[in-house]
Each structure stands twice: as structure tokens, then as C-alpha cells.
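# Coordinate analysis (summary)
Residue-level listing of the chains:
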Amino acid sequence: MSDLEETSESQPILPQTSNPEISIFLFLFEVVILLTSIVVVIWLILTPKSPIYIITNVHIPALHGRNSTSHVYVSSLVAMNSTSNHTRDPTVLLDLIFSNPNKRMGIYYNDIYITLFHGDVHIGSKLLPGFYQGYNNATTYEVLVEANKQFWKEITNGTIDLRVCLENAVKYKIFMSKTKHRQIYTEAYVPVGSNGRMLGKKNIKLHHISNQIKN
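In this text, all values refer to a predicted model and were calculated from it rather than measured experimentally. (Residues numbered from 1 in each chain as written. Predicted model: local features only at pLDDT ≥ 70, side-chain atom pairs only at ≥ 80, totals over all residues. Heavy atoms only, no water.)

Another aspect to go through is the sheet that holds strand β2 (residues 91-100). Spatial strand order, β7-β2-β1-β11: four strands in an open sheet with antiparallel pairing. At either end of the open sheet lies a strand with only one pairing partner, and these are β7 (137-146) and β11 (204-205). (Pairing = 2+ DSSP bridges. Helix = DSSP H or I, 4+ residues; strand = E, 2+ residues; numbered from the N terminus.)

Below you can see the structure in the form of C-alpha cells.
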């Protein structure tokens with residue numbers, strides 16, 4: 001009797017074999033998860049982000065020293081400009097920052113068209129030459145726009161709301177290749193006081209619009 005018990009206890013325990021179909025399924029599931037993660041990371045890295053345009057300051061020097069007699073001042077200014085071929089129209093000075101938020105992509109800017117409006121009145125335009133900007137980089141511009149005489153006829157004693165519009169096309173440099181052109185239209189409203197200085201908060205970001213800017 002004891003011999004039988006010893007014999008039964010000495011028998012080896014065979015390991016349980018797993019289902020091969022389940023193992024293959026788990027392997028394929030892990031591969032899918034890995035490939036999906038890689039695709040998501042590549043998509044996040046290679047999806048271009050639009051450049052950021054920020055207005056840091058607006059200055060209209062000709063509005064300095066204006067008082068309650070500003071209508072007389074404007075009238076005399078317009079008359080002076082109309083009678084002198086050598087007198088330049090008053091200017092609007094803009095301080096802009098062009099920022100590239102991409103981590104691994106440079107940006108090729110085509111010529112940049114900047115247009116200013118006061119209500120429906122076209123104030124003036126400026127063309128900036130295109131340039132290349134590396135990733136995680138920012139470029140500062142001081143832009144001088146010659147304002148037309150109609151703008152000064154429309155000025156009142158109150159706040160001047162300038163609409164700053166920017167239009168250009170960009171290409172993105174991804175490794176050694178370039179993307180197709182992408183057209184960009186942006187605008188921002190900037191309040192300017194009677195002293196010619198920018199009012200309210202600084203660093204006004206231009207927002208994207210879908211329609212083409214009309215002069």
C-alpha cells in the first residue's frame with residue numbers, strides 16, 4: 001500500500017499548455033498598439049502648425065499733441081500734404097513678431113502683405129520680403145505704413161480702431177523636403193488713443209480668417 005502511494009506521489013506534474021490562438025492574438029494586439037503609438041507620435045511631430053503673428057505695439061506719431069482742436073489740426077495737415085509734393089503722408093508704425101511654433105519644421109515665408117483699415121477706410125499697405133525661419137524661432141519686424149489722406153479725414157477725437165490684416169503663403173520644411181504652399185489670412189483689431197499710442201493690452205495676436213482680404 002505504501003509502495004503505491006510513493007509511486008503516485010513521485011509522478012511529475014506536466015505543465016499546462018496555453019492556447020496557441022490566444023498567444024497569436026495577444027502578439028498581434030501588442031504589435032497594433034505599438035504601431036498605433038508610432039503613427040500618433042509621427043503625426044504629432046510632422047503635422048505643421050501655422051505661424052503665429054503678434055502685434056506688440058502700434059504708434060501714430062502724427063497724432064501726438066492733439067487736443068480739442070484736432071479737427072483744425074487734421075484739416076491743416078491735409079492741406080499741407082496736398083500743397084506740398086515733398087511732404088510725405090503721416091505714417092503708422094507697427095511692431096510685429098512672427099513666431100514658428102513647430103519643433104522640427106522650418107517655415108519659408110512668401111512675401112507678406114500687411115494692410116491697415118479704419119472702419120471701411122483703407123489706410124495703407126506694406127509689402128515685406130519673404131524669408132526662412134527655423135523651428136522654435138521668432139522674428140521681429142518694425143513696419144512703417146504710409147497712411148493715405150482719406151484716413152486723416154476720418155479721424156475723430158475718440159479712439160481709433162485699426163484693423164491690421166496680414167496675407168501671405170508659407171511652405172514647411174520637413175527634414176529635406178518641402179510641403180506645398182499654404183495660404184494664410186489673419187487680422188486683428190487694435191485700439192489707438194488720440195495721442196497715437198496703442199491702448200489696452202499689448203501683444204495682440206492676429207486671428208485666422210477664411211476669406212481673402214479685400215482692399
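Attention now moves to the packing of aromatic side chains. The final tally for this structure, using the stated rule, is seven aromatic pairs. Here Phe 98 and Phe 131 contribute two aromatic rings whose centre-to-centre distance is 6.2 Å and whose plane-to-plane angle is 10°, an arrangement assigned as stacked. Remark: Phe 131 occurs in strand β6 (residues 131-133) and Phe 98 occurs in strand β2; sequence separation between them is 33 residues. For the pair formed by Phe 98 and Phe 131, the shared burial category is buried. Seen in terms of ring centroids, Tyr 109 and Phe 131 are 4.5 Å apart; in terms of plane orientation they differ by 20°. Their pairing is stacked. With Tyr 109 in strand β3 (residues 105-109) and Phe 131 in strand β6, this residue pair connects regions lying 22 residues apart in the sequence. Assigned by exposure class, Tyr 109 and Phe 131 land together as buried. Feature note: the residues Tyr 53, Phe 98, Tyr 109, Phe 131 and Tyr 141 constitute an aromatic cluster, connected by ring pairs. Arg 163 extends its terminal NZ or CZ atom over the ring of Phe 117, reaching a point 4.3 Å from the ring centre. Of note, Lys 178 hangs over the ring of Tyr 108, and the distance from its end group to the ring centre comes to 4.3 Å. (Phe/Tyr/Trp six-rings, centres within 6.5 Å; stacked < 30°, edge-to-face > 60°. Buried < 20%, exposed > 50% of the residue type's maximum accessible area, 1.4 Å probe, protein only. Lys NZ or Arg CZ within 6 Å of the ring centre and 35° of its normal.)

On to a nonpolar patch on the surface. A cluster of nonpolar side chains, contributed by Ile 24, Phe 27, Leu 28, Val 31, Leu 34, Leu 35 and Ile 38, occupies part of the molecular surface with about 660 Å² of accessible area. Inspection of the secondary structure puts Leu 34 in helix α2 (residues 20-46). (Patch = residues over 30% accessible without salt bridge, like charges linked within 9 Å, V, L, I, M, F, W, Y side chains within 5 Å. Areas by Shrake-Rupley, 256 points an atom, 1.4 Å probe, with all protein chains shown as cover. Salt bridge = Lys/Arg side-chain N within 4 Å of Asp/Glu carboxyl O.)

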